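Listed here are the chains, written in short residue letters.
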Amino acid sequence: MDNIKLLLDNIKKDNSGIYAVLIIVAIISYGILGSIYIMNLNIFDSIYYTIITIATVGYGDIIPITPLQKIFSVTLALSGVGILAYIVTFIISSVTENLQGIRSGRIMEKKLSEMENHYILCGFGRVGNAVYEELMKRNQKVIIIEKNEEKLEDIETNDNVILLNANATEDKTLKKINIQKSLGVIVTTGSDVDNLFIVLTTRELYKDAWIVSRASKKESVNRLKHAGANKVISPEASGGTDIYFASVKPNLIHITEKHGIDFIGKELEILRKYNCHQENIEYHLHGIRTPVSRSIGVMEESEEDGFIEKIKSDENVRESLETIYSIVNEVHSHWLSGPDKFHLNMAVEELKKEGIVLGVDLSFDEINEFTKQFKE
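Residues numbered from 1 in each chain as written. Predicted model: local features only at pLDDT ≥ 70, side-chain atom pairs only at ≥ 80, totals over all residues. Heavy atoms only, no water.

## A short note on the overall build of the protein
This is how it is decided: Only DSSP runs of H or I reaching four residues or more are called helices, and only runs of E reaching two or more are called strands; each is numbered from the N terminus. Each residue gets one of three labels from its accessible area relative to the maximum for its type: buried under 20%, exposed over 50%, partly exposed in between, using a 1.4 Å probe on protein chains only. We call two residues in contact when some of their heavy atoms are within 4.5 Å. Method for areas: the Shrake-Rupley scheme with a 1.4 Å probe, in which residue coverage is limited to the protein chains shown.
On a plain count of helices and strands, the protein comes out with 14 helices and 12 strands. Counting over 376 residues, the protein shows a buried share of 41%. In the protein, the proportion of contacts linking residues at least 24 apart, taken out of those at least 6 apart, comes to 66%. Of the roughly 21,100 Å² of accessible surface on the protein, a fraction of 55% belongs to carbon and sulfur atoms.

Structure (structure tokens):
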């Protein structure tokens, strides 16, 4: 019964199914009319003769005699064999396609259910693509939800990237993407109405989710916040990078350290070990509340190695860095990002064992005490 239902569904959707039905009707009509006018049978015998000939049963109780009758019977039988072969092929093809669809759907459901410590990116337009690039630079896991299948064609999937061609505004879509085990939901569709609906639905379904949304219009910012977004970013003013940082905020650690330039290489090696990155460096001057900050972002391993080599080989670079470190008494801070809290904490613990960590999430007054202490 299920296979018949699948077949009927395919017939409704597929023109080839409609053509098959029309061909069957035409052949049966040809058989009945030919049986009446060529075989000289009554209506009941005509139906009977048509069916057994098409089905190639041929009981032999009605025998064609004239050449015309024989030609008619042969053409009817051949038509029956052809259409039966077509029907069988169509049924097998339809059932196979549906079984493959069911199987691929189950595989997708399994992958979605097993994904954890990931980000959910709703909408893959210009802004969504910018956020995706930031996520990939940091080797983050992500589920991309986009209703326009063409936008997903050029994205390579792997164990860390799942593409879901679906509408993120629908409850059924949000319920199957494991939001409760995600690091955050990033909403970047081009429609503020869709963004509002996604934020509202996500917050209703998962009250503890970290949600960051794009807002195309200023008047949408407060609406999105009231709907439940933790952060609302206007990409026209800031860009995809700021949306990324707002999304990972719960998974950033602010760490304050004291070490000289000779330890930079060792520190980068430890962070690399746990797939963590220095997003910036803040130099703290005693008594000045706002530190001198420089963005670092994600560097490739070759870039990091090249930087360390330059410190060792270029006297001017080394002297400049030593001057900066001397002015701040080697006290500086970083925002560290990582794949999740666990790996960030592991990296920080190893840095603590090296004796360079002054503290995590320190206030200005606490940092100022360290700069004063070392200044003296």
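## Some remarks on the nonpolar core
So the rule is basically this: The nonpolar core is taken to be a set of buried Ala, Val, Leu, Ile, Met, Phe, Trp, Tyr and Cys residues, with the residues joined through side-chain atoms within 4.5 Å.
Ile145, Ile177 and Ile179 are the most contacted members of the largest nonpolar core, which has 25 residues in total. Counting only elements with at least two residues in this core, the list comes to strand S1 (118-122), strand S2 (141-145), strand S3 (161-164), strand S4 (184-187), helix H7 (192-205) and helix H8 (219-227). Ranked by size, the runner-up nonpolar core spans 19 residues in total, among them Tyr132, Leu135, Ile144 and Leu163.

## Topic: helix H10 (residues 264-273)
Operational definition: The directions considered for the arc run from the helix axis to the C-beta atoms.
Residues of H10 that are buried: Ile264, Glu267, Leu268, Ile270 and Leu271. Taken end-on, H10 shows its buried residues confined to a sector of 160°, consistent with a single buried face. Here the buried face of H10 lies against strand S7 (252-258), strand S8 (277-278), helix H11 (301-313), helix H12 (315-327), strand S11 (331-337) and helix H13 (341-353). Backbone geometry just downstream of H10 places Asn275 in the positive-phi region, at approximately 60°.

## Digging into the layout of surface pockets
Note the cut-off: Definitions used for this entry: grid spacing 1 Å over protein atoms alone; cavity, a set of points where a 1.4 Å probe fits but cannot get out; pocket, an open set with protein on both sides within 12 Å along at least 5 of 7 lines; lining residue, one with an atom within 4 Å of a point. Grid points are joined across faces, edges and corners, and a volume is the space filled by probe spheres set on the points.
As a volume, the largest pocket reaches approximately 260 Å³. Lining the largest pocket are 17 residues, and of these His277, Val298, Met299, Glu301 and Glu304 lie nearest its centre. Elements with a contribution of two residues or more to the lining of the largest pocket: helix H5 (126-137), H10, S8 and H11. Of the residues forming the lining of the largest pocket, the biggest block, 3 residues, is contributed by H10.

## Brief notes about the pattern of salt bridges
Close approach of charged atoms lets side chains of opposite charge pair. Where we set the bar: Within this document, salt bridges are pairs made up of a side-chain nitrogen of Lys or Arg and a carboxyl oxygen of Asp or Glu, the two lying within 4 Å of each other.
Using the criterion set out here, one finds 13 salt bridges in the structure. Lys258 is paired through a salt bridge with Glu330; the nearest N and O atoms lie 3.1 Å apart. Taken as a pair, Lys258 in strand S7 and Glu330 in the loop between H12 and S11 lie far apart in primary sequence, 72 residues in all. By relative accessible area, Lys258 is classed as partly exposed at 26%. Here Glu350 ties to Lys273 by a salt bridge, and the two come within 3.2 Å at their closest N and O atoms. With Glu350 in helix H13 and Lys273 in helix H10, the pair connects residues that are 77 residues apart, well separated along the chain. Overall, Glu350 belongs to the buried group, its relative accessible area being 19%. Taking relative accessible area as the criterion, Lys273 reaches 55% and is therefore assigned exposed. Where salt bridges share partners, they join Glu134, Lys137, Arg138 and Glu279 into one cluster.

## Side note on the packing of aromatic side chains
This is how the line gets drawn: Two rings belonging to Phe, Tyr or Trp (six-membered ring only in the last case) form a pair when the distance between their centres is within 6.5 Å. Interplanar angles under 30 degrees mark stacking, angles over 60 mark edge-to-face geometry, and anything in between is tilted.
Tallying each qualifying case throughout the model produces 3 aromatic pairs. Ring geometry for Phe124 versus Tyr132: centroids 5.5 Å apart, planes at 75°, classification edge-to-face. By the burial criterion, Phe124 is buried, and Tyr132 matches it. With centroids separated by 6.1 Å and ring planes inclined at 70°, the aromatic side chains of Tyr283 and Tyr325 adopt a geometry described as edge-to-face. Of this pair, Tyr283 sits in strand S9 (residues 280-283) while Tyr325 sits in helix H12, and the two are 42 residues apart along the sequence. In terms of burial, Tyr283 and Tyr325 fall into one category: buried.

Any functional reading would require information beyond the geometric quantities listed.
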